Amino acid sequence: MTDKGKYYLTTAIAYTSGKPHIGNSYEVVMADAIARYKRQCGYDVFFQTGTDEHGLKIEEKAAAAGVSPKEFVDKVAGEIRSICDNLHVSYDKFIRTTDKDHEEQIQKIFKKMYDKGDIYKGEYKGMYCTPCESFWTESQLKDGKCPDCGRDVKPASEEAYFFKMSKYADRLIEHINTHPEFIQPVSRKNEMMNNFLLPGLQDLCVSRTTVKWGVPVSFDDKHVVYIWLDALSNYITGIGYDADGNSSEQYKKLWPADLHLIGKDIVRFHVIYWPIFLMSLGEPLPEHVFGHPWLLQGGEKMSKSKGNVIYADDLIDVFGIDAVRYFLLHEMPYENDGTITWDLVIERFNSELANVLGNLVSRTIAMSNKYFGGVVKSTGVTAEVDVDLKAVVTSARDKAAEKMDHMRVADAMTEIFSLFRRCNKYIDETEPWVLAKNEADHDRLAEVLYNLTESIAIGSNLLIPYMPDVASKILEEIGEKERDYDDLDKFGLFESGAKVTASPEVLFARLKSEDIMVKVAAIEEAQKAEYMRENGLTEEVQEDVIDIEAKPEIEYGDFDKLQFRVGKIISCEEVKKSKKLLCSQVQIGSEVKQIVSGIKQYYSAEEMVGKKVMVLTNLKPAVLAGVKSEGMLLCAEDAEGNLALLTPEKDMPSGAEIC
């Protein structure tokens, strides 16, 4: 295999404020698939991931837990690394921003930028978002909240060091314009240019005095280095960068990075702050920054009080590592957000892994054992149907490669599974069980089984970057070794006369949803119990306590904009195009409003009629499932997601104002 040279890729380092859910784990699995693919292609890969461990949020979390910040991050970093290991992520380095060598370099980097005149001392006045550890101006806020996470911000003022972002802005704009591949997908590039770079960059706060848990500024110990300068620099400190000019041979070999793989929510930090920091240091910019979409839990919010947070280790316990990796990689679109639910994983497990892949391998090995004692032999007795099979199989490598080279990992897996589907179709076309009945067709039968085994061998080799364990298992069962990537477009390399295993393992046994949901219920109950322990709740108290995220305080004038009145439902019917919606005609004083509500699961249309309800009457009309809705019925939701209409305690007239 030709040596393709080095390939250095990184993930964003995970923040150690708590155990990451499955949406946070997707990134390292995608990066691992890319790393394994590049190794398979002949690249000398270095893959770095790790944890981001400083900041105000860590201070607060540690204080709440009654431990030191270092004890807190040690525990969480251990959990994060364990999740990576459980997902069989083949990282070459796991960096922590509390590593001594990293912290030393951060101090040097800060001092180098200061000596160059790129950092200066001033005072910061602005709105601060604690979860994002970010300052914002009033004009940058979105509806008065943090534009990144949507949470509350608070006025803050403190002495701080600032980085002169505008000094390098034009240079960065030129780089982005002349390197169209730098930011991917292109929609992320357009967002960064139009929303941040072109309107003009403000100087960036790069130190804090009110935070103690961070890397101290070496020449001014009242300050600690702001989290983004600290965190982003891991990409160079982790491979041996030295700000004094004594960088390691590894750094000289690996930098610039070939790929920073990150979530779409932190693209700005990686394509604006990070390149400008590198320009200040005189270092080249990374080749590519890819902002992947999010993996969201479908249908409802994740909450430990409900017990419905999905974690990677729970998924692995229920479905196995191969199924989890398959789902994460195959279900995530290139640019839009993906969805995960327990039901969806079960459906994909049965339809794709059990029916397509597992069934193919099982049938092929079973027929080889039944008809030829496990010996797979090419006889040269071919037919026209073989031509199309071989064309699909030998073209799969390059089709998948084209997708991978453009970060379309899900599409690459689809190409590989198209190979397996073609094999299943080939079985239906050739009908080996019919050939077996006629002695004269036995050589043809042998050739059919050889073609299937060779196809499975090529497909399994292609599958190695995505599902390495099951791919290796399949190759072992058919008596094949991992092939050179350059040979995966060649048909006929399987050794004629080789023998498959006599006792193949069931790769993916079909699952019964009801059996899995019993396990899910146990997981959710364990989550609820853990939530109660963490918050000092008893079972009796938990019944009356709901864990919701507090919304920001509002002024009286904000509340005064809303009009709530008592309404009487005079008729109600189901919305035909929806499984959830009811359409009610609600009398409110002298007028009748049509209101659509997602409460069909909890109330029938018949029992709605006659109810006195609380209504938000001045909500802007909207169209739901093709039906106009002119208000909102107020409901309460319990910890299990059940809804109940809010009704007046006493009999109040229709139209009475709720104040």
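About the criteria used
- Residues numbered from 1 in each chain as written.
- Predicted model: local features only at pLDDT ≥ 70, side-chain atom pairs only at ≥ 80, totals over all residues.
- Heavy atoms only, no water.
- Salt bridge = Lys/Arg side-chain N within 4 Å of Asp/Glu carboxyl O.
- Helix = DSSP H or I, 4+ residues; strand = E, 2+ residues; numbered from the N terminus.
- Buried < 20%, exposed > 50% of the residue type's maximum accessible area, 1.4 Å probe, protein only.
- Core = buried A, V, L, I, M, F, W, Y, C linked by side-chain atoms within 4.5 Å.
- Contact = heavy atoms within 4.5 Å.
- Polar contact = N/O pair within 3.5 Å; in protein donor to acceptor, adjacent residues only side chain to side chain.
- Expected span 1.5 Å × (residues − 1).
- Phe/Tyr/Trp six-rings, centres within 6.5 Å; stacked < 30°, edge-to-face > 60°.

### A closer look at the pattern of salt bridges
So, step 1. Counted by the stated rule, this structure contains 39 salt bridges.
So, step 2. Among the ionic pairs, Lys19 bridges to Asp313, the shortest N-O distance being 2.9 Å. Of the two residues, Lys19 is situated in the loop between strand 2 (14–15) and helix 1 (22–41) and Asp313 in helix 11 (residues 312–319); the sequence distance between them amounts to 294 residues.
So, step 3. The exposure class of Lys19 is partly exposed, given its relative accessible area of 32%.
So, step 4. On the basis of relative accessibility, which here comes to 22%, the residue Asp313 falls in the partly exposed class.
So, step 5. Residue Glu159 is joined to Lys222 by a salt bridge in which the shortest nitrogen-to-oxygen separation is 3.4 Å. Of this pair, Glu159 sits in strand 7 (residues 154–163) while Lys222 sits in strand 12 (residues 220–225); the two residues are 63 residues apart in sequence, bridging distant segments of the chain.
So, step 6. Salt bridges here are not isolated pairs; linked through shared partners, they connect Arg397, Asp398, Asp487, Asp489 and Lys490.

### Quick notes on the nonpolar core
So, step 1. Counting 165 residues, the largest nonpolar core has Ile34, Leu87, Phe163, Trp255, Ile272, Phe319 and Tyr466 as its most contacted members.
So, step 2. In terms of residues, this core owes the most to one element, helix 13 (residues 342–372), which gives twelve residues.
So, step 3. Setting aside chain neighbours within four positions, we find Ile34 in contact with Tyr7, Leu9, Leu259, Leu261, Met404, Met407 and Val409.
So, step 4. The next biggest cluster of nonpolar side chains, apart from the first, holds 14 residues, and it includes Val586, Ile599, Met608 and Val613.

### Thoughts on the side chain of Ser247
So, step 1. With respect to the helices and strands, Ser247 occurs in the loop between helix 8 (234–237) and helix 9 (249–254).
So, step 2. For Ser247, a relative accessible area of 14% translates into the label buried.
So, step 3. Polar side-chain contacts of Ser247 include one of 2.9 Å to the backbone nitrogen of Asp242.
So, step 4. Excluding residues within four positions of it along the chain, Ser247 makes contact with Gly240, Tyr241, Asp242 and Lys252.

### Structural notes on helix 3 (residues 69–86)
So, step 1. Taking 1.5 Å per residue as the helical rise, helix 3 with its 18 residues ought to reach 26 Å, and the 26 Å between its terminal C-alpha atoms agrees with that figure.
So, step 2. Each element contacted by the buried residues of helix 3 is listed here: strand 2, helix 1, strand 3 (43–52), helix 2 (56–65), strand 4 (93–96) and helix 11.
So, step 3. Two residues or fewer past helix 3, His88 is found with a positive phi of approximately 55°.

### Brief notes about the packing of aromatic side chains
Each aromatic ring pair is summarised here by two numbers: the centre-to-centre distance and the angle between the ring planes.
So, step 1. In this structure the tally under the stated criterion is 26 aromatic pairs.
So, step 2. Ring centres of Phe110 and Tyr161 lie 5.7 Å apart, and the angle between their planes is 90°; on these two criteria the pair is classed as edge-to-face. On the criterion of sequence distance, the pair formed by Phe110 in helix 4 (residues 100–115) and Tyr161 in strand 7 is long-range, its members being 51 residues apart.
So, step 3. The exposure class assigned to Tyr161 is buried, which follows from its relative accessible area of 3%.
So, step 4. Ring plane angle 70° and centroid distance 5.4 Å describe the contact between Phe163 and Phe277, whose orientation is recorded as edge-to-face.

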